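# Close look at the chain arrangement
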Amino acid sequence: MPQNKLTDRFGRTVNYVRLSVTDRCDFRCVYCMAEDMTFLPRQQVLTLEEIARVARNFVDLGTEKIRLTGGEPLVRKDILELVKEIGTYGLRDFAMTTNGSQLTTMAEPLRKAGMHRLNISLDSLDAEKFRNITRTGKLSQVLDGIDAAREAGFRGIKINTVVMKGRNDEEIPELIEFARKKKVDISFIEEMPLGEISEHDRGLALCTSEEVRDIIRKHHELVPATEDSGGPARYYRMEDSETRVGFISPHSHNFCSTCNRVRVTVEGRLLLCLGNEHSVDLRRVLRGNPVTDDKLRETIINAMDLKPERHHFSSNGDVQILRFMNMTGG
Ligand code: SAM
Ligand code: SF4
C-alpha cells in the first residue's frame, strides 16, 4: 500500500473515498429526490474509465477504502466492469451502498468481482410504507436481494435506515429484530438537509440518534463498541447477538475532527465535505489535453487545503445544501 499523501490543514489524513457512479436511480426516496427529477446529460457524467482512473490515482496517494454509491450504482450499465477493475487495486476495504433492488441477480457477481462489503438501504418492513417512502420501490424485491447478498458471502452487510418521525420511527424495534435474525449490522441515520423536498418538514420529522437509542434500549442493552469509522457513525453491540447497531448523527454528533473521507460526484467534482460546497473539478483535468496522472494527483493533493474544518448542518429543517444526495453520493 503506498504511503498516504493526503493530509489537510487540520492534520486529518484522508484515506477513504466515496465515488458516485451515477445520479440515476430506480427509486425516488422522499428524503433524497424530488418525484420529478432531471438527470444529467451523459457527456457530463464521468465514464467508467474516468472513474477507474480517479480511483487508481487515489489509491496511489494512499487511499485504503473506496465505496461506490450514487444514485443507485447497480443501475449503471457495465458497473461490474468497474468493480472488477477497482477490485484489483488491493484495497483494505471495497464497499458499495445500494438500495438492494438488483441484488437478486447482482449480489454474487459483485462478490466475485472483488467487492468486500455492502450497505443496503431499508427504511420499512411494511410494503405500503416502503412504497410510500421510496415512491417506486418494491419491498419483497429488496428483501430477496438482502438474502441473495447474505448467500453471496460478503465480509459484511449493513442495513441503512433513515429514521423519520411519523413515517418509520415506530418500526425501529422490528428493524432491529430483522437485523438480528438475518445476522447483519444496522445503522440508523438522521435525515440530512440536502436538496429541497416537499413531502415532509425535515425539522419536524428529524428523529435524533439519541431518541432512536432510547427506543432500542427498551428492548436491548446497548454496549458501545470500540470501532471508530472516522465518520459520523457510532457503533454499539448487544450482548446476545453479533449484530452491531450504528447511529449516523450529522446533527447531534460532531464527527468532523476525525473526518477521513472525501467524495467524488458523478460529474467528477471532488467534494471535500458533505455539508459544504468546497469542491474541485477533476473532470476538467481528466478531459484536459494532455491528461496525465501526475496532473490529476497534484490536483487531488492541492484540493486537501480546501477541506473545511467542520460542517454546518442545523436541525431546523432548512435546506443548507442545494444538491440532492443522489448527486453527492451518500
Ligand atoms: N441508492 C443507494 C441507496 O439508497 O442505498 C445509494 C445512494 S443513497 C444516496 C445512499 C444513502 O444515503 C442511503 O442509505 C440513503 O438512505 C441515504 N440518504 C439519502 N438522502 C438522505 C438524506 N437527505 N439524509 C440522510 N440520508 C440520506
Ligand atoms: Fe435512489 Fe438511494 Fe436516493 Fe433512494 S436514497 S432515491 S435509492 S439514490
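What counts as what
- Residues numbered from 1 in each chain as written.
- Chains lettered and ligands numbered in written order.
- Predicted model: local features only at pLDDT ≥ 70, side-chain atom pairs only at ≥ 80, totals over all residues.
- Heavy atoms only, no water.
- UniProt positions renumbered as here; feature names shortened; annotations may be inferred.
- Near = heavy atom within 4 Å.
- Polar contact = N/O pair within 3.5 Å; in protein donor to acceptor, adjacent residues only side chain to side chain.
- Areas by Shrake-Rupley, 256 points an atom, 1.4 Å probe, with all protein chains shown as cover.
- Helix = DSSP H or I, 4+ residues; strand = E, 2+ residues; numbered from the N terminus.
- Nonpolar A, V, L, I, M, F, W, Y, C, P; charged D, E, K, R; others polar.
- Buried < 20%, exposed > 50% of the residue type's maximum accessible area, 1.4 Å probe, protein only.
- Contact = heavy atoms within 4.5 Å.
- Pairing = 2+ DSSP bridges.
- Core = buried A, V, L, I, M, F, W, Y, C linked by side-chain atoms within 4.5 Å.
- Axes fitted to C-alpha atoms, helices over the stretch in contact; angles between N-to-C directions.
- Parallel < 35°, antiparallel > 145°, perpendicular 65-115°, else oblique.
- Left-handed = near helix turned anticlockwise from the far one by under 90°.
- Salt bridge = Lys/Arg side-chain N within 4 Å of Asp/Glu carboxyl O.

As named in an unreviewed UniProt entry, the protein is GTP 3',8-cyclase, taken from Marinobacter maroccanus. Recorded in UniProt for the protein, the comment headed Function (unreviewed entry) runs: "Catalyzes the cyclization of GTP to (8S)-3',8-cyclo-7,8-dihydroguanosine 5'-triphosphate."

A word on the site of ligand 1. Taken together, the neighbourhood of ligand 1 is formed by 19 residues, with Tyr31, Gly71, Glu72, Ser121 and Met192 sitting nearest. Met192 places a main-chain nitrogen or oxygen 2.7 Å from a nitrogen atom of ligand 1. Bound to the protein, ligand 1 loses 96% of the 550 Å² it would expose on its own. Contributing elements (two or more residues each) for the shell around ligand 1: β3 (93-98), β5 (156-163) and β6 (185-190). Of the residues contributing to the shell around ligand 1, the split by class is six nonpolar, nine polar and four charged.

Turning to the environment of Thr47, a few remarks are in order. Here Thr47 is to be found in the loop between β1 (16-20) and α1 (48-60). Judged by relative accessible area, which is 32%, Thr47 ranks as partly exposed. Residues Thr47 and Ala205 lie 158 residues apart in sequence; the distance between their C-alpha atoms is 37 Å. With residues up to four places along the chain from it excluded, the contact list for Thr47 reads Arg76 and Arg287.

On to the UniProt feature "binding site: GTP" (unreviewed entry) in the protein. UniProt records the feature "binding site: GTP" (unreviewed entry) for Arg18, Arg67, Thr97, Lys158, Arg261, Val262 and Arg263 in the present numbering. Taking relative accessible area as the criterion, Arg67 reaches 3% and is therefore assigned buried. Assignment of secondary structure puts Thr97 in strand β3. Accessibility expressed as a relative area gives 13% for Thr97, which makes it buried. Those residues within four positions of Thr97 in sequence are excluded, and the remaining contacts are Arg67, Leu68, Thr69, Pro73, Asn119 and Asn160. Side-chain polar atoms of Thr97 contact the side chain of Arg67, separated by 3.0 Å.

A sheet is described by the order of its strands in space; here 12 strands give the open sequence β7-β8-β9-β6-β5-β4-β3-β2-β1-β10-β11-β12, paired in mixed fashion. Every other strand in the sheet has two partners, leaving β7 (223-224) and β12 (279-281) as the edge strands with one partner each. Sheet topology places β1 next to strand β2 (residues 65-69); five bridges connect them, and they run parallel. Each bridged residue has a counterpart across the sheet, and for Ser20 the counterpart in β2 is Thr69.

Turning our attention to the nonpolar core. In this structure, Leu19, Leu68, Ile86, Leu110 and Phe188 are the most contacted members of the largest nonpolar core, which totals 92 residues. Once residues lying within four places of it in the same chain are set aside, the contact partners of Leu68 are Leu19, Val21, Pro73, Ile79, Leu82, Val83, Ile86, Phe94, Ala95, Met96, Thr97 and Met115.

This part takes up the packing of helix α6 (residues 172-182) against helix α8 (residues 209-217). The angle between the axes and the distance between the axes are what describe a pair of packed helices. Put simply, α6 and α8 touch, their axes get as near as 9 Å, and they point 70° apart. Relative to α8, α6 is oriented roughly perpendicular. At the point where α6 passes α8, the crossing takes the right-handed sense. Listed contacts from α8 to Ile172, Pro173 and Ile176 of α6 are Val212, Ile215 and Ile216. A per-class count over the contact of α6 with α8 returns six nonpolar, no polar and no charged.

Turning our attention to the pattern of salt bridges. Going through the model one piece at a time under the given rule, you end up with 22 salt bridges. In this structure, Asp93 engages Lys65 in a salt bridge whose closest nitrogen and oxygen atoms are separated by 3.7 Å. One end of the pair, Asp93, is in strand β3; the other, Lys65, is in strand β2, and 28 residues separate them in sequence. Lys65 carries the same exposure label as Asp93, and that label is buried. Two residues, Glu177 and Arg180, come together in a salt bridge whose shortest N-O distance is 3.4 Å. Here Arg180 and Glu177 lie together in helix α6, a separation of three residues that amounts to about one turn. One network of salt bridges, in which partners are shared, links Arg53, Arg56 and Asp293.

Each regular strand shows side chains that alternate between the opposite faces of the sheet. With six of its six residues buried, β3 lies for the most part within the structure. Burial of the side chains of β3 extends over both faces: Asp93, Ala95 and Thr97 are buried on one face and Phe94, Met96 and Thr98 on the other. Here four bridges tie β2 to β3, and the two strands are oriented parallel to one another. Looking at β3, one finds that Ile66 is bridged to Phe94.

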